[in-house]
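Next come the chains, spelled out residue by residue.
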Amino acid sequence: MKPIVRIAFRNTQRQRKRSFLLGGAIAFGVLVITIINAFTAGMIVNVKNNFSFIAGGHIFISGKELSDSGRVITAINDTAIVDESLKLVEPFVKKVNKRSSSLAQLIFGSWETNHTIEGVDWQKEEELAAKLVITDGSLEGLAKPNAMVLPKPIARRLGVVAGETILARLSTITGQQNVGEFYVTAIVEDQTNFGATSAYVHLDYLNDLLSLNSGSYQMILLFLHDMATMDQVSNVIYGYLKEHAEVDPRVQLDLYMGSNKKEDAEKEEEIYEAERKVMAQIFGGGYMNDEEPWEGTKFAVMTLNDFMQPVMAMVGILNTVALVVFLILLVIIMVGITNTFRMILIERTREIGTMRSFGMQQKDVRNIFLWEAVFIGLGGALSGLFLAWVIMTVVGFIKLDGYPVLQFFMNNGHFTFLIQPASVIMNLLILLVMTLFAAYMPARAAARLRPADALRAHY
Amino acid sequence: MAIVELDNVKKVYPLGKTEVQAVKGVSFTIDKGDFLCIIGPSGSGKSTILNMIGCIDVPTEGRVIIAGKDTGKLNDFQLTELRHQVLGFIFQSFNLIPVLNVYENVEFPLLLGKSAMSKAERSEWINYLIDAVGLADWRRHKPNELSGGQRQRVAIARALATKPQIVLADEPTANLDSKTGETIIELMKKMNSELHTTFVFSTHDSSIMAVADHIIRLQDGLIVENVHRSAGGNGRNPSEAAVKP
Ligand SMILES: Nc1ncnc2c1ncn2[C@@H]1O[C@H](COP(=O)(O)OP(=O)(O)OP(=O)(O)O)[C@@H](O)[C@H]1O
Ligand SMILES: [Mg+2]
């Protein structure tokens, strides 16, 4: 080790209490920002995961067609194009699910309400079954072809309990009225917490009621091996479909990140509309729009990221608050560091004079101070990271049940922390730069001491 | 041959609105291998002169020439380099670096610049110095575990580490009892004769100047006496007349 580095390192231990306080403050700042960053990053993944199981995938391709009478029919009859587009991304896709949905009038006794029914292939979507938080009944009744899983708010509105039978009135894709009888096998929490959880039924049974052609479907849902490839994969699919068929504009790309900046109010309105449209297409709900007529199947491609916007906004706010707290802490710490080093400068004036007289150059005197600051900063940062890791590990072990809203942000009842190396490194860099900045003035003053004066000092 | 040459040197310190004339025009030379004692009452300008010889201060007027270099013409970097290459220092209050142990304190000046010595040569040399000042058993001790006399011995070893041509000691015995002070001066004398290093030390205690072979007496910033004595003798060197103002 170079002698000045060695001296700087030992200097940190001269006033242990003082170094400890400074390092402790730095550790606390690093701890807070690391935990919050890791928490929000973990939360995003959990929300996406949980959402993907409820929504049935990471990427959603839906189609609509115009009937002769001008009615919009939600269905993909032109399955060949979809199959072709999927071939392009085959290595990325873990699983392909198909779903149908319809806005139905649910009737129980004298009560009725409108809600989306979604047809699911329970055999293939065991993750969905696993994610449902059952409050009444069980999934065993799924053996019945007309079994239905009903979200709690709807069940309450209808006054129905598990084991009873309700009616659903819906219109087929050709516009005929049709009525089906469903056996309510389980009642589940509405985990999305904004009424977006559908009533789940068997896909075949719903397709029959909707009079869908055999072989056609309303929506195809892709689970990917790696969620991070979501945007790329969906871009490839969208690109292919756009070349070979009609498509709806994409929400994320065309609006959130749109190059044509609209006035704020107008843009907000548009985003709101687009969000409604996405919701309607994923969960049904009869969204009607005034668009030009088209031929064949018109496709829409969406990803989970498209409706992560509210979550992302919340996470963004949390992270910003954390960063602000971190920066405020850092500023306080900086003041502490500057004052401490001013004190150190006074304490070690004669020592500086001694070192200068033996031939230490000004920049080395300055560097001793800066190295000492680096050691304190680094020591604090590493202990902060270590403490954060300990806390995250311990909290990760705790299992929280019975908070349905929270469950959506958790992974099977556990909070997950995802340490992101990039943001950790970023925070450490900010810390290091600010620490050096704080120590710089006293360090320069130390370097500029005239040796003769320094040697005359009383300390 | 002169290694130090002062030519009509004056030093003025600003003091509030007035100024203090610390040195009022002194000229003398120091030969290689001299064991010079600068003696004078408090405030007579001993430290000021030593600082100028030590290149930690430059004269207001006149020239100070150290190993052929006019210090008034050098910038801070060059003065620092000159100090590192030519000079060693011993201080009244020892000024050891508290975080370094005895060995590291002695080694410290060597690490500040490029050294011609290999690692092995270096440690051999440092150990030799530590042995020479009689601290062989204290190598790994920190300064605060040593007595004042021991600390000053470390300082002597440190001052010699870079094999300087001149070692400056500003009142090296002032913080020591007189007996310890004598042994310190004797040790310096020993190193002076063994290594042929020029030693310059100051004191206001006339009892310890006996070993010096060159004595400069100061009063109010002026030289009142400048005598050489033949080595080993105690009479004045007849070849050089005492300078009386
Ligand atoms: N940095 C300075 N600023 C102002 N005056 C100074 C400074 N250094 C020394 N002086 C003054 O210069 C004069 C000579 O001081 P110097 O320290 O050289 O004396 P000295 O012989 O070493 O005295 P002592 O035996 O007390 O150490 C004194 O009057 C002192 O007050
Ligand atoms: Mg003095």
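Every chain is numbered on its own, with residues counted from 1 as its sequence reads. Chains carry letters and ligands carry numbers; both start at the beginning, A for chains and 1 for ligands, and go up in the order they are written. In keeping with the model being predicted, local features are shown solely for residues with a pLDDT of at least 70 and side-chain atom pairs are shown and tallied solely at 80 or more, while totals for entire chains, interfaces and linings include all residues. The basis for every side-chain value is the complete set of heavy atoms in the structure, and neither hydrogens nor water enter the calculation.

> When you look at the interface of chain B and chain A in this model, what are you seeing that I'm missing?
Note: interface size is frequently given as the accessible area lost on complex formation between the parts. The interface is formed by 27 residues belonging to chain B together with 21 residues belonging to chain A. Two parts lose some accessible area (1.4 Å probe) when they are put together, and adding that loss for both gives the buried area. Approximately 2,200 Å² of surface area, both sides summed, lies buried where chain B meets chain A, with 61% of it carried by carbon and sulfur atoms. Salt bridges are counted wherever a side-chain nitrogen of Lys or Arg sits within 4 Å of a carboxyl oxygen of Asp or Glu. At the boundary of chain B with chain A, the tally comes to 4 salt bridges. For Glu107 of chain B, the salt bridge goes to Arg6 of chain A, with nearest N and O atoms at 3.7 Å. Distance and chemistry together define a polar contact, namely a pair of N or O atoms within 3.5 Å, with one atom able to donate a hydrogen and the other to accept it when in protein, and with adjacent residues in sequence counting only for side-chain atoms on both sides. Summed over the shared surface of chain B and chain A, the result is 11 residue pairs in polar contact (both at pLDDT 80 or more). Per the convention used, a helix needs a DSSP run of H or I reaching at least four residues, while a strand needs a run of E reaching at least two, with both numbered from the N terminus. The element contributing the most residues to the side of chain B that touches chain A is helix H2 (residues 76-86) of chain B, with 6 residues. Residues are treated as being in contact if the distance between any of their heavy atoms lies within 4.5 Å.

> Honestly, the pairing of strand E10 (residues 219-224) of chain A in this entry has me stumped. Any pointers?
Successive side chains on a regular strand alternate, one facing one side of the sheet and the next facing the other. Residues and elements named next belong to chain A. With 6 of 6 residues buried, E10 lies mostly within the body of the structure. Each residue's exposure class comes from its accessible area (1.4 Å probe, protein chains only) as a fraction of the maximum for that residue type: buried when under 20%, exposed when over 50%, partly exposed otherwise. Side chains Met219, Leu221 and Phe223 of E10 all project onto a buried face; the interleaved residues Ile220, Leu222 and Leu224 project onto the opposite face, where all are buried too. The criterion for strand pairing is that DSSP finds at least two bridges linking the strands in question. The pairing of strand E1 (residues 59-66) with E10 spans 4 bridges and is antiparallel. Each bridged residue has a counterpart across the sheet, and for Ser62 the counterpart in E10 is Met219. Of the pairings in the sheet, the one linking strand E3 (residues 93-108) to E10 comprises 6 bridges and is antiparallel in character.

> Explain the site of ligand 1 to me, please; I cannot follow it from the model alone.
A molecule or strand has a residue near it when one of that residue's heavy atoms lies within 4 Å. Contacts to ligand 1 come from 15 residues, most closely from Ser42, Gly43, Lys46, Ser47 and Thr48 of chain B. The environment of ligand 1 is shared, with nearby residues belonging to chains A and B. For ligand 1, an oxygen atom lies 2.8 Å from a polar atom in the side chain of Lys46 of chain B. At 2.5 Å, a side-chain N or O of Thr48 of chain B approaches an oxygen atom of ligand 1.

> Explain a nonpolar patch on the surface to me, please; I cannot follow it from the model alone.
Patches were defined on residues exceeding 30% relative accessible area and lacking a salt bridge, with like-charge contacts within 9 Å and nonpolar side-chain contacts (Val, Leu, Ile, Met, Phe, Trp, Tyr) within 5 Å. Using a 1.4 Å probe, the Shrake-Rupley method yields the accessible areas, and only the shown protein chains count as cover for residues. A cluster of nonpolar residues, Phe386, Trp389, Val390, Val394 and Ile419 of chain A, forms a patch on the protein surface that exposes about 480 Å² of accessible area. Within the secondary structure layout, Phe386 of chain A lies in helix H12 (residues 362-397).

> So what exactly am I meant to see when it comes to the side chain of Thr162 of chain B here?
Residue and element names in this part refer to chain B. Counting through the fold element by element, Thr162 comes out in the loop between helix H5 (148-160) and strand E7 (166-170). Since its relative accessible area comes to 18%, Thr162 is described here as buried. Excluding residues that lie within four positions of it along the chain, Thr162 makes contacts with His84, Leu87, Pro109 and Leu110.

> Even after reading the chapter, I still don't get the pairing of strand E12 (residues 298-303) of chain A, so can you show me in this structure?
Residue and element names in this part refer to chain A. With respect to burial, E12 is a largely interior element, 6 of its 6 residues being buried. Alternating residues of E12 divide into Lys298, Ala300 and Met302 and Phe299, Val301 and Thr303, and every residue in both groups is buried. As defined by bridge partners, strand E11 (residues 246-247) adjoins E12 across 2 bridges and the pair is classed as parallel. Looking at E12, one finds that Glu246 is bridged to Lys298.

> How should the nonpolar core be read in this particular structure?
Within soluble globular proteins, side chains that are nonpolar tend to cluster in buried spots. Ranked by internal contacts, the top residues of the largest apolar core, which has 71 residues, are Leu6, Phe28, Ile49, Ile53, Ile66, Phe108 and Ile166 of chain B. Take this core: its biggest share by element is 9 residues, from helix H10 (residues 309-347) of chain A. Nonpolar core, defined: a set of buried Ala, Val, Leu, Ile, Met, Phe, Trp, Tyr and Cys residues in which side-chain atoms within 4.5 Å join the residues together. Listed in part, the 51 residues of the second largest apolar core include Val89, Trp122, Leu139 and Met227 of chain A.

> Which parts of the structure should I look at to understand the sheet that holds strand E4 (residues 61-66) of chain B?
Strands pair in a sheet through their backbones, by hydrogen bonds, and they do so in one of two ways: parallel or antiparallel. Residues and elements named next belong to chain B. Across the sheet, which stays open at both edges, the 4 strands sit in the order E2-E1-E4-E5 with antiparallel pairing between neighbours. Only two strands of the sheet have a single neighbouring strand rather than two, namely strand E2 (18-31) and strand E5 (69-70). The pairing of E4 with E5 spans 2 bridges and is classified as antiparallel. Among the inter-strand pairings, Ile66 is bridged to a residue of E5, identified as Lys69. Sitting on the sheet, helix H1 (residues 46-53) is in contact with strand E1 (2-15), E2 and E4, with an inclination near 60° to E2. Between N-to-C directions, angles cover 0 to 180 degrees, with each direction set by a line fitted to C-alpha atoms, over the stretch in contact for helices.

> Mind showing me how you'd approach the environment of Thr135 of chain A here?
All names here are of chain A. Tracing the backbone through its elements, the reader meets Thr135 in strand E5 (residues 134-137). In this structure the C-alpha to C-alpha distance between Thr135 and Met392, which are 257 residues apart in sequence, comes to 30 Å. Ignoring any residue separated from it by four or fewer positions in sequence, one finds Thr135 in contact with Lys152, Ile187, Val188 and Glu189.

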